[in-house]
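Below are the chains, spelled out letter by letter.
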Amino acid sequence: MAKLFRSLILLLCLAAIVMELHAHGPTGTLTGVVRVDRRALPGVLVTVSSSKLQSPRTSVTDPRGRYTVAFLPAGEYMVSFEKEGLQTVARPARVGLRRVARVDMKMNVPEIAEAITITATAPAIVELHEVQTNFDAEFIDSLPVSRSLQSTAALAPGVHNTGPGASERRSVLAISGAPSFDSLYLIDGTVVNENVRGQAHALYIEDAIDETTILTGAISAEYGRFTGGVVSTVTKSGGNEYSGSLRDNLSNPAWSSRRRGFDHLDRLNQVIEATLGGRIQTDRLWFFTAGRWFSNETESYLAGSTIPYVVSTEENRFELKLTGQLAADHALVLSHTSVDHEQLNNCQVGCMELSAVDAHVARPNSFSSLRYNGMFGRSVLVSGTASQKKFAFEGFGGESRDPATGSWGFDASGTGAFFGAPYFCGVCDDQERNSENYSAKLSHFFGSPRLGTHEIVGGLEHWAEESITNNYQSASDFGVVTNRAVERDADGVLRPRFEPGSTVIIWYPIFVTTDGTDFTTSSLFLNDRWSPGPRWSFNLGARYDYTRATNGSGVRVADDAEISPRIAATFDPRDDGRLRFNTSFSRYVTKLAGTIGDLGSPAGNPSYFSWQYAGPVINEDSSLTSFEAMAQLFDWFVANGGTSRPPDAVAIPGLTSAIQGKLQSPSADEWTIGVSAMVGRNGFMRADVIDRQWQNFYSRRTDLTTGRVDDGFGQILDRSLIENTNDLTRSYRALQLQGGYRIYGRFHLGGNYTWSRLEGNAVDESIGSGPIPNDSRRYPEYRSFDRSNPIGLLSGDQTHKVRLWAEVTLPSMFGELSVSFLQRFDSGSPYEVKGTVRAPRIDNPGYVTPPLSVPYYFSDRGALRWDDVTSSDLAFTFALPIRRTQAFLQADVINLFDESAQVRGNTTVHTDLDGSEGLESFDLFTQTPVEGVHYRKGKFFGQARSIYDYQQPRTFRLSAGVRF
């Protein structure tokens, strides 16, 4: 049935019947009011032309003098106004992606034509109820930032680089307080999220980006499957005129300042980009193609040391887009992007020695889409898209099946990093994570004096993603955890010491391989942008999402339907677009996370068996290397029963962990209130307050009602259920300010500020797994003390975020010099003093395997902060016109004053559980622990242990190229 449905949708698309990915196309709207002698002027013919259109578009003003031309591709336009008896006038305008451009006009009779004026109009950000920010490629190119989708989005208010593992060098974006995996990333209206971590795949070439829009609040019902925000990027298309570019981006690690003992590799790296677009047949068939070739070497460092190693990366990206006009106002767009990515010396998680680093890995990625847009009359647009994305992990993990050489070790009380073999299995099956999308939309604009104006959008969408993953945790299926910090000798060689009581042997067998998961969401939505009169406008929308999910064992784990209202109101007290007040209520329902829905399945998921090591001390004299010490450890294990030995703890997917009933998709409720205004003729300001509350969290529950199971090894075990809960909290409150001013078209000032507070006790993600269930409801009798899972500041909190920029363009007789300045400030992210302690000594209420340890917060959640980050960045660009070609040279200086804030660090806390000398146990319910008596911060607590724990040092970059 599913295949029939997909084939039918694709056939309809090829037949030019409506479909559009994610329920909207990458378009904007042009609107305004035409007056004569302060009176509304009906019947004016408004013509909009551009190289973006294969034929001009027209509209006629209504009795109130209003006009609207919807569904325009983002770009530059010429707008002309014509009425018999009046002087024809024209003016340029820019239409942004998902934005409303306003062009008001005052017309006069021919004999006083010289008095024709253009009314000052508000920028699009003032016009909209949505909380959004828009950056075009020309602006981003002028700033001292990388031109990636993530770097552009990070300039917007409400976008925080605070996801797990984030640093200045690695973007893990979280929007409006949501987990980092829970926002939507679109390129040309098509979804490019990675299935697990939810970040955007780099399925673009930077020089091919046209503009990017970031939505952080009051988001229309046309968008779904998120609780964070939407980042939508439009890439360039061909046209009747040929255009292109060639760019060489130069960098060298040695051009960065030395950072506290960490040396830099001296190697010139290049990223070459090229674009070319034009006509195959004038007004009928256009092409656009782009490529990116990347080969570089960078230094990295072994965790807990200043020992460097070289990471080599080879990546080639290619994009092809064809735009064809089937008939007047009917276009078909075919696009394909592929990425070949290979890397030598890859470390997925922290690596303490070179043996834990993957020698060679690959991540092939590809994306294809077919999109149709058709205008029927002046006011109806039908559109649709079919798309498919493929992604794989190849060669990640260890290469040996032998437990002595194919197992990793984890330094739980030292660096929190790995030694021994690489994590995962490089000789097992490759992992595939694919998705596809089919959708249809009908948009209709109409108006009347009695009903006002309506822009109604309705549509349907079918989203499906699959994961074909046998999640082997190591090449041998074994791992070792030591709670004794791993030391290095004078030569930097690891000498792990395995002791009874502080060493755990873990076995991760996969008993059933997977055939792949199938998670789908089918959606209907209806949205009406209604303006009943000159001062009020409303957004009335709702979205219906139906989720069906089948895990890797073929079991249905979700059959859930949710309705998401999206309601907003805007008041313009003077009906001139210069001052507006907005308010909204929205519910956002995200997709069901595939990694969560598959937790109850034995297919492809590892079981967990652990044994406390009970033999003699291994490597007491520190003479053995990691693999030599592991060989002795596993010799003891095999000699004492191996995997037939009764385990201390067991978790078997589908048995000890199961989904009973059906899961629901998490959601968030949002209220916003805001005001926007023009400042003079060329400036604007906007302020928005956002309040979000989440519900339906993922949870793992183990209590006296969840039951027991037989593990098949002669043991009865407690069972855990994966389910939703509202016993947890997560809330986000923010004030977002943004503004800009342009002087004489040569000097531009702008910026934004975000104050926010992210609180709760729902920690929903990890650096390696993306979405994870909260474990605070496991064995509740043992976790009922106050410091088990307190409410406080979550790790993604960022109190203050500032982005200020200035740009000036200076013409000369030889060319044009542009200088831009970017000032950044980010509050330090929170962390706390948290450790693992012995479980409370209470009478067992009836569990088979009560917990031996539980987490304990010795401080308030989020009580400590890493350093605030301040950075001043500078860019110089010189452009030299040579006939129709422009040559350019750009130099960037990042962190001009070489600030050195520490943004991450070690958070190890010792208790008597890890055998630390001199520490005592305590009563978790009645005693207040004392530092130095009941717990002790680790030797390196709060200290940086890697170059990535600091902000990016002063760094120089160069780029040069030509455009035509």
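Nothing here was measured: the structure is a model prediction, and the numbers come from that model.

Q: Teacher, can you tell me more about the pattern of salt bridges here?
A: Opposite charge on two side chains permits pairing when their charged atoms draw close. By the definition in use, this model includes 42 salt bridges. Note that Glu206 is salt-bridged to Arg317, the shortest N-O span being 3.9 Å. Residue Glu206 is located in the loop between strand S14 (190-191) and strand S15 (209-217), and its partner Arg317 is located in strand S20 (residues 308-327); the two are separated by 111 residues in the primary sequence. Accessibility classification places Glu206 together with Arg317 in one group, the buried group.

Q: Please clarify how the sheet that holds strand S40 (residues 697-702) should be interpreted in this entry.
A: Either a parallel or an antiparallel arrangement is found when strands of a sheet pair, and the pairing is made through backbone hydrogen bonds. If you trace the 4 strands from one edge of the open sheet to the other, you get S37-S43-S40-S48, paired in mixed fashion. This sheet does not close on itself; its edge strands, each paired only once, are strand S37 (657-658) and strand S48 (774-778). Relative to strand S43 (residues 720-725), S37 is paired through 2 bridges, and the arrangement is parallel. Bridged to Ser657 within S43 is Ser720.

Q: What's the story with the environment of Val854 in this structure? I'm lost.
A: Mapped onto the elements of the fold, Val854 is located in strand S54 (residues 853-857). Here the alpha-carbon distance between Val854 and Glu273, two residues 581 residues apart in the chain, equals 52 Å. In this structure, Val854 is in contact with Tyr782, Arg783, Phe785, Gly835, Thr836, Val837, Arg838, Ala839, Pro840 and Leu924, ignoring residues within four places of it in sequence.

Q: When you look at the state of the cysteines in this model, what are you seeing that I'm missing?
A: Disulfide: a covalent bond formed between the sulfur atoms of two cysteine residues. For the coordinates displayed, the defined rule picks out 2 disulfides. Bridging Cys347 to Cys351, the disulfide has an S-S length of 2.1 Å. In this structure the cystine formed by Cys347 and Cys351 twists about its S-S bond by roughly 105 degrees; its chirality is therefore right-handed. Given the relative accessible area of 25%, Cys347 is considered partly exposed. In the protein chain, the cysteines engaged in disulfides, taken in order along the sequence, are linked 1-2, 3-4.

Q: How do you make sense of the sheet that holds strand S26 (residues 418-420) when you look at a structure like this?
A: With mixed pairing, 6 strands are arranged side by side in an open sheet as S26-S25-S29-S30-S35-S36. Looking at which strands have only one partner, the edges of the open sheet turn out to be S26 and strand S36 (649-651). Looking at each pair of strands side by side, their axes are set apart by 20 degrees on average, direction ignored. Relative to strand S30 (residues 503-507), strand S29 (residues 478-482) is paired through 5 bridges, and the arrangement is antiparallel. Counted as the bridge partner of Thr482 is Thr503 from S30.

Reading the values: the criteria
- Residues numbered from 1 in each chain as written.
- Predicted model: local features only at pLDDT ≥ 70, side-chain atom pairs only at ≥ 80, totals over all residues.
- Heavy atoms only, no water.
- Salt bridge = Lys/Arg side-chain N within 4 Å of Asp/Glu carboxyl O.
- Helix = DSSP H or I, 4+ residues; strand = E, 2+ residues; numbered from the N terminus.
- Buried < 20%, exposed > 50% of the residue type's maximum accessible area, 1.4 Å probe, protein only.
- Pairing = 2+ DSSP bridges.
- Contact = heavy atoms within 4.5 Å.
- Disulfide = S-S within 2.5 Å.
- Axes fitted to C-alpha atoms, helices over the stretch in contact; angles between N-to-C directions.

Just geometry here; none of it tells us what the structure is for.
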